[in-house]
Every structure is written in C-alpha cells, then in structure tokens.
Amino acid sequence: MSETAILVGASSSWARALVKISPYTFSAIGIAISIGVSVLGAAWGIYITGSSLIGAAIKAPRITSKNLISVIFCEAVAIYGVIVAIILQTKLESVPASQTYAPESLRAGYAIFASGIIVGFANLVCGLCVGIIGSSCALSDAQNSSLFVKILVIEIFGSALGLFGVIVGIIMSAQATWPTNA
C-alpha cells in the first residue's frame, strides 16, 4: 500500500510536471517574457518621464525638446527586448520526436527560458530606473538648466542596466544546444 502512495506522489510532483512540459514551450515563454516585459518596462518608464516632462514644461517650455532624450532611452529598453527575442528565436531548432525530452533538449529549453526571464526583468527595472531619472531630469531642468547634463550622465548609467541584462541573456542562451537530427 505504501509503494502505491509513493508512486502516486512521484507521478504528481512538480518536478515530474516540469520535465513533461515541452522544452519548446519553455523556449516560447522565455521569448515572450523577453519582449513583453521589456516593452512593459519601456512603457512604464515613458509614462513616468512623460508625465513629469509635460508638467514641468508648463513652467519652462524650453525643456520639452531636449528632455525627449529620456523618452528615447526608455524606448531603447524595448528595442533591447526585441533584439534578444530575435536572437533567442534563432536558437530554436527542430529535433526528432524521440529526442524532444532528451536532457540536451530540456537544457536548451530551460536556457532560452532563463535568458528570456533575465532580459525581460532586467529591462523592466531598467525602464523604471530610466523613467524615474528622466522624470527628475525634467523637473530639475525646469528649475535650473545647468543640471541637465549632470543628470543625463546618471541616466546613461541607469540605461546600462538594460545592456547588462542583454549581455547576461546572450551568455545564458549560448547554453541552448539542441540534439542533432542524426
């Protein structure tokens, strides 16, 4: 009786369920997270920067054109996600049905999934960071125009967070090697 309970417990465990999900599903979810969460981070950053820019432009209309660089930095975050999604998409390869759940296939699927999560969430944080710094840049530029370049340098450092995520994601995706068709 106890052997049956152990067998049922083992067949309904999370580890068994995760191993039975196709590696292509994990890959597709990773690619979708890469692009989707990156775009979400960019949109959130644009929202934060844009609302402050519009508000500060009421006091000082001169800041509108030069503070659009903050919006462009936020858009770059979405572009990072698109680029990595394209790179991850090229990593997908067809394997024979008999090797779909081979350890090498599972590792490739998990690598693409992990890469997508890393890039997506790094770009989400980067979009928020750039948006908050862009907001403070617009508000401070409206008060004192000599602060624009100083805060812009900080914004560039914030934008580097997204590049770090892209680099780590590309390194992670290098582990994605599918079994050969032989």
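Preceding block: the structure.
How each quantity is defined
Residues numbered from 1 in each chain as written. Predicted model: local features only at pLDDT ≥ 70, side-chain atom pairs only at ≥ 80, totals over all residues. Heavy atoms only, no water. Core = buried A, V, L, I, M, F, W, Y, C linked by side-chain atoms within 4.5 Å. Buried < 20%, exposed > 50% of the residue type's maximum accessible area, 1.4 Å probe, protein only. Helix = DSSP H or I, 4+ residues; strand = E, 2+ residues; numbered from the N terminus. Contact = heavy atoms within 4.5 Å. Salt bridge = Lys/Arg side-chain N within 4 Å of Asp/Glu carboxyl O. Axes fitted to C-alpha atoms, helices over the stretch in contact; angles between N-to-C directions. Parallel < 35°, antiparallel > 145°, perpendicular 65-115°, else oblique. Nonpolar A, V, L, I, M, F, W, Y, C, P; charged D, E, K, R; others polar.

*Asks:* So what exactly am I meant to see when it comes to the nonpolar core here?
*Replies:* Note that soluble globular proteins tend to have their nonpolar side chains buried in a common cluster. Core analysis: the biggest nonpolar cluster contains 14 residues, and I31, V84, L88, I112, A176 and W178 have the highest contact counts within it. Of all the elements in the fold, those that place two or more residues in this core are α5 (68–90) and α6 (103–143). Of all the elements, α5 adds the most residues to this core, at five residues. Not counting residues within four places of it along the chain, the set of residues in contact with W178 comprises P23, Y24, S27, K91, L92, E93, V95, E104, S105, A108, G109 and I112. Listed in part, the twelve residues of the second largest apolar core include A42, V77, I133 and L152.

*Asks:* For this particular structure, what's the right way to read the pattern of salt bridges?
*Replies:* Two side chains that carry opposite charge are able to pair once their charged atoms sit near each other. For the coordinates displayed, the defined rule picks out two salt bridges. For D141, the salt bridge identified is with R62, shortest N-O distance 3.5 Å. Of this pair, D141 sits in helix α6 while R62 sits in the loop between α3 (23–59) and α4 (63–66); the two residues are 79 residues apart in sequence, bridging distant segments of the chain. The exposure class of D141 is buried, given its relative accessible area of 0%. Residues joined by salt bridges that share partners form a network here, namely R62, K66 and D141.

*Asks:* Please explain the packing of α5 against α6 as it appears in this structure.
*Replies:* If you want to describe how two helices pack, look at the angle between their axes and the distance between the axes. Where α5 contacts α6, the axes come no closer than 9 Å and their chain directions differ by 175°. As far as their axial angle goes, α6 and α5 are roughly antiparallel. Between α5 and α6, the contacting residues are S70, F73, C74, V77, Y80, G81, V84 and L88 on the first element and I112, S115, G116, V119, N123, C126, G127, V130, G131 and G134 on the second. Considered class by class, the residues forming the contact of α5 with α6 number ten nonpolar, eight polar and no charged.

*Asks:* Please explain the side chain of S27 as it appears in this structure.
*Replies:* One can find S27 in helix α3. Overall, the relative accessible area of 0% leaves S27 in the buried class. For S27, the residues in contact, after removing those within four places along its chain, are L92, A108, G109, I112 and W178.

*Asks:* I keep staring at the packing of α3 against α6 and nothing clicks. Help me out?
*Replies:* At their nearest, the axes of α3 and α6 sit 7 Å apart, and the two run at 0° to each other. Classified by the interaxial angle, the pair formed by α3 and α6 is roughly parallel. Among the residues forming the contact of α3 with α6, the class breakdown is 26 nonpolar, 18 polar and one charged.

No statement about biological role is implied by the geometric values presented.
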